[in-house]
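A look at the structure
Next come the chains, spelled out residue by residue.
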Amino acid sequence: NLAESDFYWGIFFQTDFTRSTLRNASFEGADLTEAILVDADLRGCNFGPSRLDGGAQFSGANLTGARWDGANFYKATYDARTIFPAGFNPGDHGI
């Protein structure tokens, strides 16, 4: 359980967070390039500004209430099970 953790400017290249509870964690400035966030509980996380590009995987992740200001999502992936915050359009963010 990593809920409410502060990962400010952390480097998580290819880190596997599959099925992790990361609710309300802060990833401000973090590098999550190719991170695996499959089926992770990411509700309320702060991802901005951070690097989620280069293939970060969000399949099945719950991102309800997550904040994205300034985050880079280029080539990040998701699937039909991924739950985005209300009003979030993946296409508008390069996903």
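Computed from a predicted model, the values in this text were never measured in an experiment. (Residues numbered from 1 in each chain as written. Predicted model: local features only at pLDDT ≥ 70, side-chain atom pairs only at ≥ 80, totals over all residues. Heavy atoms only, no water.)

Turning our eyes to something else, we now look at the overall build of the protein chain. For the protein chain, the count of helices and strands is zero helices and zero strands. Radius of gyration (C-alpha) of the protein chain: 11 Å, near the 12 Å computed for a compact globule of 95 residues. Summarising its shape, the C-alpha atoms of the protein chain cover approximately 25 × 20 × 20 Å along the three principal directions. Burial status across the protein chain gives 49% buried among its 95 residues. Excluding contacts between residues fewer than 6 apart, the proportion of contacts in the protein chain whose partners are at least 24 apart in sequence is 3%. For the protein chain, the accessible surface area stands at approximately 4,900 Å², while carbon and sulfur atoms represent 47% of it. Charge separation in the protein chain, taken as the distance between the mean sites of 7 positive and 12 negative side-chain charges, equals 5 Å. (Helix = DSSP H or I, 4+ residues; strand = E, 2+ residues; numbered from the N terminus. Rg over C-alpha atoms; globule rule 2.2 N^0.38 Å. Buried < 20%, exposed > 50% of the residue type's maximum accessible area, 1.4 Å probe, protein only. Contact = heavy atoms within 4.5 Å. Areas by Shrake-Rupley, 256 points an atom, 1.4 Å probe, with all protein chains shown as cover. Lys, Arg positive; Asp, Glu negative; His and termini not counted. Charge placed at Lys NZ, Arg CZ, Asp CG, Glu CD.)

We classify Asn-46 as buried; its relative accessible area is 13%. Within polar-contact distance, the side chain of Asn-46 engages the backbone nitrogen of Gly-48 at 3.1 Å. (Polar contact = N/O pair within 3.5 Å; in protein donor to acceptor, adjacent residues only side chain to side chain.)

On to the pattern of salt bridges, then. Evaluated as defined, the whole model comprises five salt bridges. In this structure, the salt-bridge partner of Arg-81 is Asp-39, at a minimum N-O distance of 2.6 Å. Arg-81 is paired through a salt bridge with Asp-79; the nearest N and O atoms lie 3.1 Å apart. The class for Asp-79 is partly exposed, based on a relative accessible area of 24%. Here the residues in one salt-bridge network are Arg-23, Asp-41 and Arg-43, joined through shared partners. (Salt bridge = Lys/Arg side-chain N within 4 Å of Asp/Glu carboxyl O.)

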